[in-house]
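Okay, here's what each chain looks like letter by letter:
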Amino acid sequence: MKKHKGIVLIKLLAYLIGFPAIVAYAVLQSMPVIKDAATGTDNTSYFPYVYAGLIIVALMWLLYLLVAFITGHITKKRKTVRSAYVGTAVLAVFSFLLTAGVWFAIDKYVPPILSDATQSTIYYSDLEEDYADRAHTHSELLSVFIEMNIANNRLSGDPEVYRTEKYKNKEVQDLIKSSYNSINDDAYNNFNGPLINMANGGRLTIPVLIHLLLDDRAEPYQPFTNYTGEGRGEEHKDDPITWAILDMQQEIMQVELNLDDLLGSLLQDDMISNVISTLLTSYAIQGTIETINNAIPSEEILGAPIYIELTYDQALASVLIKLIPSSEKRGVFDYMRMAWFDSNYLLVAVISLFPIRNTFYIGSLLLCLSSLILGVARKKQYAGHGKMLKGTFSHANEIPLPQSNPNYGRIAYDPQNPNNQYSKTYQYPYV
Amino acid sequence: MSNNLNVIKAKLIVWRVLKVLIYAIGFPLLLHRLKADAGALGAYGVTAGTATTAYDIIFKCFLVMVAVQIIVGIILRKKDFYIRALIVTIVAVIGLVGPIMYMEINIKSDFEKLEAKYSSSDYSFDRYELQVMNYASKASSNASARGNFMSTYNLDGDNGGTEGGNFDKTPRITYKEGDDLPKIFLDGYGGRDHYVFGAEVGGVYSMNGLYADAFVFGFNQARYILTLYNDAKAKAKAENRDIDQELADALAALEKPGSIWTQYQTTYDYQRAYGDAPVRDAPAENDEEKITLDDDKTYDEYWLWAKHYYVTKDRIVELVNKLTSDLNNSAAFSELKAVLNAALSLVGSMLGTEITNALKTLLSNDLSYEAFMDLLNSLQLEIDGAVLTEDGLYELLSTLSYYNSPTTYPIYYFISDPDLRDYAYAKYLGEKHGAFVGSVLIGDSVGHITMDSSGSSPMSATELKTLFEKLDIEDTYMPKYYPWLAIRRTLIKYAGLVPVCIILAYLFAYAERRVFSRLTVLGKGGQK
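Criteria and thresholds
- Here the residue index of a chain counts from 1 through its sequence in written order.
- Both sets of labels track the order of writing: A upward for chains, 1 upward for ligands.
- pLDDT decides what is reported in this predicted model: residues at 70 or higher carry local features, side-chain atom pairs at 80 or more are listed and counted, and totals for whole chains, interfaces and linings draw on all residues regardless.
- Only hydrogens and water are set aside; all other atoms, that is, all heavy atoms of the structure, feed into the side-chain values.
- Only DSSP runs of H or I covering at least 4 residues are called helices, and only runs of E covering at least 2 are called strands; the numbering of each starts at the N terminus.
- Atoms considered for the radius of gyration are the C-alpha atoms alone. The globule rule reads 2.2 Å times the number of residues to the power 0.38.
- Exposure is judged per residue with a 1.4 Å probe applied to protein chains only, and the accessible area is read against the type maximum: over 50% gives exposed, under 20% gives buried, and values in between give partly exposed.
- Any two residues having at least one pair of non-hydrogen atoms within 4.5 Å are treated as being in contact.
- The buried area of a pairing is the accessible area, by a 1.4 Å probe, that goes missing from both parts when the two are put together, added over both.
- Salt bridges are counted wherever a side-chain nitrogen of Lys or Arg sits within 4 Å of a carboxyl oxygen of Asp or Glu.
- Polar contact is defined as a pair of N or O atoms within 3.5 Å, subject to the rule that within protein one atom must be able to donate a hydrogen and the other to accept it, and that residues adjacent in sequence are counted only when both atoms are side-chain atoms.
- Classification used: nonpolar for Ala, Val, Leu, Ile, Met, Phe, Trp, Tyr, Cys and Pro, charged for Asp, Glu, Lys and Arg, polar for all others including Gly.
- Each residue after the first adds 1.5 Å to the expected span of a helix.
- Think of the arc as the fan of directions from the helix axis to the C-beta atoms.
- Note on pairing: DSSP must find at least two bridges between two strands before they are called paired.
- What counts as an axis is a line fitted to C-alpha atoms, over the stretch in contact for a helix, and the angles between N-to-C directions run from 0 to 180 degrees.
- Like-charged residues within 9 Å of one another, or nonpolar side chains (Val, Leu, Ile, Met, Phe, Trp, Tyr) within 5 Å, are grouped into patches, provided each residue has over 30% relative accessible area and no salt bridge.
- Reported accessibility uses the Shrake-Rupley method at a 1.4 Å probe radius. Residues are deemed covered only where the shown protein chains occlude them.
- The positive count covers Lys and Arg only, the negative count covers Asp and Glu only, and His and the chain ends enter neither.
- By convention, charge coordinates are those of NZ in Lys, CZ in Arg, CG in Asp, or CD in Glu.

Draft legend 1. Expanded view of the overall build of chain B. Scanning chain B for helices and strands turns up 18 helices and ten strands. Its C-alpha atoms give chain B a radius of gyration of 37 Å, clearly above 24 Å, the size a compact globule of 528 residues would have. Each principal axis of the C-alpha distribution contributes one length, and for chain B these read about 125 × 60 × 60 Å. Here chain B holds 528 residues, and the buried ones make up 44% of them.

Okay, here's the thing in structure tokens:
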């Protein structure tokens, strides 16, 4: 009985070093994705998507327990060494397929799907090891989006409610949807022909830029929810808006006019540079720029706002002309980040799978080991009760061999000489 | 007895392990060595991917040997181990010496023929012995020469590709000479057949036989265009002609009333694309306003209107007038004008009387499109030796926003001299189309010219000619012979390993069998 207790203990240990260890490690690894205490970012508002990885771990644990129970039950019932061996082998192979095997398949088939779904902006290899940083990025997108839209009043309720509820807040969810629809249909799909692909594909040539800025485009049609900026009153709150190419990339274009060439040594005189600086901040210039900025969104000019900013940089001795996109003011990201953001809940679910990737790969070793220990323990447990029959073939004690041909096929157990294995193995070869 | 049994068991294990071990380091080791020699063929260039050919050849030898081993094992079951080992070894030796013999006899003589063939060309074709030694560095030089050309001109693979659909949503057609001529191509005009530029190398085209709107040249197209362009220039120079002047004259003749080009401009196709009035303001809802371009596809006429896609004078006038009228109503701008006027008085002497007066006139009145044109006319700005006029300004702008409707032929199609026509196409594609897609082929700066990249220095006609000749010659022999040279290098050094391992493996198997038979005797209760 004492021996039996020891075996039960070993079995318990085997169960503990298997999946519970994997689960514990997976939870630990998943923490930065779910709630990163170090950086204070948090994806918990994406419930239940952010737990997708851990849900899968739990499901796999259940499957493992099921197979462990079935193989254990069969061994217990059959009481043969073979059934213990086969049960162990089945459990070990199943554990491997369940852990490493599943990830072999994911590693092979998911990368093209992921890069297709994100238009080659997120690659599988980016997530393999660097998932925590990616989770941080996607969590930040949500926080920044909420802050941008509290600032421009598109989220006009109690700011603290948005900040606490985040993605759980229906208003936030709707705003994400309408923002994405606008920049997707009225910008990405609204630029003519191949232009936007060329701009995004590193071929933003001067002709492409001129086409993007000045070509005729179809009328926008997606309502841009709650927006009253750019002089649009309440009556135009939900009307569609147009976008400029700068919004697609949310990049500030900067032209540097170096005054050294023009004024040379004159610039070294503080007074001269002060005059330039004062002139640039004067009402005459800043007011004129404001007039131009207000004119740009009209259909006759670009149809969409681009903000010009004129400053003087004394260190560079240059006048800086900046062209600033309207996207941040309007409360959206550039197209790529907006496309991620629109399906952020799905991306968060995908990202949540990666902390368990390495855990599963390494865990497959542990599970195979624990399966083996379990198998050994089972064999000992049932043999300890004197019930286990030895025999190379499982049905040895069930189907009697024809007496006329003792050399054929299965070899019966010889209770008189239980240790002479060689006689069995080599005298009567397998058929 | 039990001790004795354990010793025998141990021996059995030792022989078995040795047998497997020695078997495993024969061919597999050879394949491992080959990976280093064939891997030197590189992942890029004309020999890219041919390393697999080398592995295949050796792997097939291995498979043949295994098959022979199994067959010999079955047929000669009862025969001596030595006989079986001998047969398998002979097969392995034939399998390994065969390729070496093939190379020494056939490939060597092929190389001698090639050497003779290229002796008169600029390309220096190395002797067999040198090729055998230096195949890896030659393959890598091929890859880098090709790579350098590709990056200089910012090309997209061997055959190019499109970055998206045509502006007007008309279909893109992948076509190469020899394919069935797709029905969707235009039918020609005025008795001229339809013309597809560069059909012999192929590409992705629009209906008019020009490359599709966002087609980025690949190696083959860039080479075709550059060769055509450089050869035409060289030929004209040799004959003391100015081909660019000839082209300008031909285009000027086509622009004259009554020419085939001006007749073409009156056709429905041309008017639909470039006519003054758009058909409608928005895409059609019903089929009546769609036109059929192909058997079962219809396209909306709205999208075919080319004026959507380039900067017209109307567009500029509209833009400038809106901006100036807003500025004229701005108090801040009035103040700015006053400041500028005052500043002009200060620096006027530096600018000269004419310019100062012109600027003063501009600043004293309301701004408008006409006021800017007056300023332009009075400034007499010179660009490339010619005074910039209103028309000249639009000429400059049209270069930057050029658009040729995919549904109409370009003016070059109507040039009657086919050589001059091809030169015109090549020049247009290398300069304008290349500038659009960021893959400029002809100019002082070429390749990747974008908002944040200024391109590369062009390769000279001579450099290009040498490069293409080198690549042409190497394309014919390197992929065919180089995998064999890699095999040769491996086999000469390591082929001996295989028979030794086979023989040892059989010997160890024999030793194992001997121990094994003693074991069975003991098992039966026999004595030592």
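After that view of the structure, there is still more to cover.
Draft legend 2. Representation of the environment of B:Leu464 in the model. All names here are of chain B. Summarising the element assignment, Leu464 is placed in helix α17 (residues 461-494). Placed 384 residues apart in sequence, Leu464 and Asp80 show a C-alpha to C-alpha distance of 66 Å. With residues near it in sequence (within four places) discarded, Leu464 still touches Phe149, Tyr153, Leu226, Asn230 and Met459.

Draft legend 3. Layout of the interface of chain A and chain B. Contacts between the two partners involve 39 residues from chain A, matched on the other side by 47 residues from chain B. For the pair chain A and chain B, the summed buried surface comes to about 3800 Å²; carbon and sulfur atoms form 68% of the total. One can count one salt bridge joining chain A with chain B. Here A:Arg203 ties to B:Glu163 by a salt bridge, and the two come within 3.7 Å at their closest N and O atoms. Remark: the boundary between chain A and chain B carries 16 residue pairs in polar contact (both at pLDDT 80 or more). Among the secondary structure elements, those contributing two or more residues to the side of chain A that touches chain B are α9 (195-200), α10 (206-214), α14 (283-295) and α19 (421-427) of chain A. By residue class, the composition of the side of chain A that touches chain B is 21 nonpolar, 13 polar and five charged.

Draft legend 4. Highlighting helix α4 (residues 81-117) of chain A. Helix length check: α4(A) (37 residues) gives 51 Å between terminal C-alpha atoms against 54 Å at 1.5 Å per residue, within 8%. Following α4(A) by one or two positions, A:Gln119 has its phi on the positive side, about 50°.

Draft legend 5. Fine view of helix α13 (residues 353-364) of chain B. Residue and element names in this part refer to chain B. Look at α13: 16 Å from first C-alpha to last across twelve residues, which is about the 16 Å you get at 1.5 Å a residue. Turning to α13, its buried residues are Thr356, Ala358, Leu362 and Leu363. Down the axis of α13, the buried set is contained in an arc of 165°. They therefore lie on one face. Structural note: α13 exposes Thr353, Glu354 and Ser364 on the side pointing more than 90 degrees away from its buried face.

Draft legend 6. Summary view of the environment of A:Leu366. Residues and elements named next belong to chain A. Assignment of secondary structure puts Leu366 in helix α18 (residues 355-384). Taking C-alpha positions, Leu366 is 5.9 Å from Gly18, a pair spaced 348 residues apart along the chain. Every residue in contact with Leu366, bar those within four places of it in the chain, is listed here: Ile17, Gly18 and Ala21.

Draft legend 7. Geometry of the sheet that holds strand β3 (residues 253-258) of chain A. Residue and element names in this part refer to chain A. The antiparallel open sheet is built from three strands, whose spatial order is β3-β5-β4. Each having just a single partner strand, β3 and β4 (306-313) make up the two edges of the open sheet. Across the sheet, the axes of successive neighbouring strands diverge by a mean angle of 15°, strand direction being ignored. Sheet analysis places β4 next to strand β5 (residues 318-325), joined by eight bridges and oriented antiparallel. Opposite Ile306, over in β5, you have Pro325 as the bridge partner. Those strands touched by helix α13 (residues 270-281) are β4 and β5, and its axis lies near 160° from that of β4.

Draft legend 8. Summary view of a negative patch on the surface. Residue and element names in this part refer to chain A. Together, Asp126, Glu129, Asp130 and Asp133 give the surface a local cluster of negative charge. Mapped onto the elements, Asp126 comes out in helix α5 (residues 124-128). The exposure class assigned to Asp126 is partly exposed, which follows from its relative accessible area of 30%.

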